[in-house]
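# Commentary on secondary and tertiary structure
What follows is each chain in one-letter form.
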Amino acid sequence: MSRTVSAWVTAGEDVLGAVGPFPVDVPWWQEVEPVVARLEELLGVPVLVLRLLTVDGGEGGRDGHVTYHVEALERPAPGLLDRRPLDDGLLGPRSALRAPWARAAGLRELLDWAARTLEAAGRPVTGPVEQRRTWNLAALFRLPTAQGPVWLKATPHFAADEGAVVTALAGADPSLVPALLGRGAGRILMEHVPGQDCWGASPGTATAAMKRFVAAQAALAANRPAGLRDGRTPALAPRVDALLDGPAAAGLSRQETAAVRRLTDRWQQLGQCGLPDTVVHGDFHPGNWRSDGGPPVVVDFADAYWGNPVVDGLRAQEYLDEQVGATSARAWAEAWSVHVPGSDPAGALRLAEPLAHLVHAVRYQEFLDGIEPSERPYHAGDPVAALRTALRSEREPSPVLADLSPARREARAATVFLQPTSGGPLATGGPAPEDRAVDDLRIFDPSRRLLLEGLGLRLREWTDADVPDLVALYDDPEIDRWTPVASPFGVEEARSYLAAARRKRAERRSVQLAITTDGLRPRGEILFFRSGPDERELELAYGVGADHRGRGLASRAVRLVVEHAVHETGARSVVLRIEAGNAAGEAVARSTGFAPADDEPVVRMSKGRELVLRTWRHTGS
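Read on for an overview of the structure. (Residues numbered from 1 in each chain as written. Predicted model: local features only at pLDDT ≥ 70, side-chain atom pairs only at ≥ 80, totals over all residues. Heavy atoms only, no water.)

## So, the sheet that holds strand β8 (residues 180-184)
- The strand order across the open sheet built from five strands is β5-β6-β7-β9-β8, with neighbouring strands paired in antiparallel fashion. A strand with exactly one partner marks an edge of an open sheet, and here the two such strands are β5 (130-135) and β8. Put simply, the sheet's adjacent strands are angled 10 degrees from each other on average, direction ignored. (Pairing = 2+ DSSP bridges. Helix = DSSP H or I, 4+ residues; strand = E, 2+ residues; numbered from the N terminus. Axes fitted to C-alpha atoms, helices over the stretch in contact; angles between N-to-C directions.)

Encoded structure:
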């Protein structure tokens, strides 16, 4: 589908008539250069588009039939415009939220300011102004001068002060941003940046963009530009709550709303990753980088704020292919590791993947709250869509970000013993001495909480706060079919299950860990225990919730625990015991290096029936 256009044309207070429909070859509603060109051809006079009036069809800011309000700078010849019935209110009354450049007087004032400012700078305008883009978020014009083109950009009241942000970044790296020729409230004049927007960026371009921008952000971490809005967690989290309590409430189910609220638990975890608050671009995608083959220049800071920079590391992932996205994420993480030694930028990317979409949802609602009703089709539905994207990214984490884990690159589990309950010092594990029994190792020490990290997973111990998630995971027919877990499995069963797990942990009999991708929401469970006469043999068992299957969680968790068992506990043998007919269990076993053993079948009773289990032993491959 393409865009067709009609226009109501005015000259000052006079409504001259209408023209159209006619097609244009650019589908985006805010791209008005082809609209202006066609209208000037039809009417024979210079015109400027003021604003969007109506849209019929199309979505996402493109396609359909679009009607604009257009101002003629000179009156066209009689007979070129149709005298059609005009709907009451289509061209008025004036909205208090209308952008200054969406009014004829405001547009003239803006262009006059630009001309005066350039004249004073020795760069007088030498020809007609070219209107490139106009909508509720910005107006963009190209002004010819003898020394080359200059760009005029105007922004609304809810936008960041681009002049202040560009000036601050230029202090860190003048080549990173366009040169400013003038600035005022809601407007800037910029030198032309040669080249093209970096859609389809190469790995080299993406790497350069990330590393150069991170370097500037690190330099500005102690220098907040005056007036830059606060996007830190204490300011941002209440805005998410207000969105869920207000405008987004009708668009989400109660279950979705509750799930979004659970995501906000990640803010505190994100703060522990060690990244400083700094200038955040807010929309750092490759369309806001320009390059002529050299290092890219960054533009469009209307969404800038002061806060955690992780959102900039994530935004480009939505627009780059997987290979380039992986390169850019790695470059971003490595750059922050250099500038802030001891920080965990890779962990921040994983934690913040859904949080970034909450940030965008809040911003989209700010757009809707700040613009007049006729312009709202540009952003209608965007806040709710962003919230759902946050939930989807929490359910289906990016494999690109999982690959950033040092444990994934080194194929080795990171074992962390957290603060002992006795208050003793932190400890990290090393290989176990060969002459120690498994149950004598720290892995079974109940005073130490265990965390295994790697392969995009964090395996942690259960807490009482996990009871609702545990119910969601285990009240499931497949779990009932293949495991000894009680069915039905409600809140009381979950509490009893955790109490039993703690008893066995205290008795040094087993360890049960929640499978998570971020250290927060459980997606399954893996446990290991001694079950036979050989104290150096560990048996594994696991379960993954129905909503999280098919994503490799079980196989990754098994690999991680096997790695830990071999290198931390010194286990002589690691086994799985699988009932005949459990094809999914056998597939996980084979994919993680287990093979059927010659052992006699193991017979166990579970929920009143006899289970015959085959032993699968890890082969070391």
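Having seen the model, we can carry on.
## Let's talk about the packing of helix α10 (residues 345-370) against helix α11 (residues 382-395)
- Relative orientation of the contacting elements α10 and α11 amounts to 175 degrees, with a least axis distance of 8 Å. Looking at the two axes, α10 sits roughly antiparallel to α11. Along the contact surface, α10 presents Glu 353, Pro 354, His 357, Leu 358, Ala 361, Tyr 364, Gln 365 and Leu 368, while α11 presents Asp 382, Pro 383, Ala 386, Leu 387, Thr 389, Ala 390, Ser 393 and Glu 394.
- Tallied by class, the residues present in the contact of α10 with α11 amount to nine nonpolar, four polar and three charged. (Parallel < 35°, antiparallel > 145°, perpendicular 65-115°, else oblique. Contact = heavy atoms within 4.5 Å. Nonpolar A, V, L, I, M, F, W, Y, C, P; charged D, E, K, R; others polar.)

## Observations regarding the sheet that holds strand β10 (residues 196-197)
- In spatial order, the strands read β10-β12-β13; together these three strands make up an open sheet with antiparallel pairing. The sheet terminates laterally at β10 and β13 (297-298), the two strands that pair on one side only.
- Here β10 pairs with strand β12 (residues 289-291) via two bridges, running antiparallel. Along β12, the bridge assignment pairs Gln 196 with Ser 291.

## What about the side chain of Arg 523?
- Mapped onto the secondary structure, Arg 523 falls in the loop between β19 (510-516) and β20 (524-529).
- Here Arg 523 falls in the buried class, since its relative accessible area comes to 1%. (Buried < 20%, exposed > 50% of the residue type's maximum accessible area, 1.4 Å probe, protein only.)

## Notes on the side chain of Arg 212
- With respect to the helices and strands, the residue Arg 212 is situated in helix α4 (residues 203-219).
- Taking the relative accessible area as the measure of exposure, Arg 212 reaches 17% and is therefore buried.
- At 2.5 Å, the side chain of Arg 212 forms a polar contact with the backbone oxygen of Pro 296. (Polar contact = N/O pair within 3.5 Å; in protein donor to acceptor, adjacent residues only side chain to side chain.)

## A few points about the pairing of strand β1 (residues 3-11)
- Here β1 lies mainly inside the structure; eight of its nine residues are buried.
- The pairing of β1 with strand β4 (residues 64-72) spans eight bridges and is classified as parallel. From the neighbouring strand, Thr 4 faces β4, where its bridge partner is His 65.
- Relative to strand β2 (residues 14-24), β1 runs antiparallel, the two sharing eight bridges. In the sheet register, Arg 3 faces β2, and the bridge partner there is Val 24.
- Hairpin connection from β1 to β2: two residues lie between these consecutive antiparallel strands, with Gly 12 at a positive phi of about 65 degrees.

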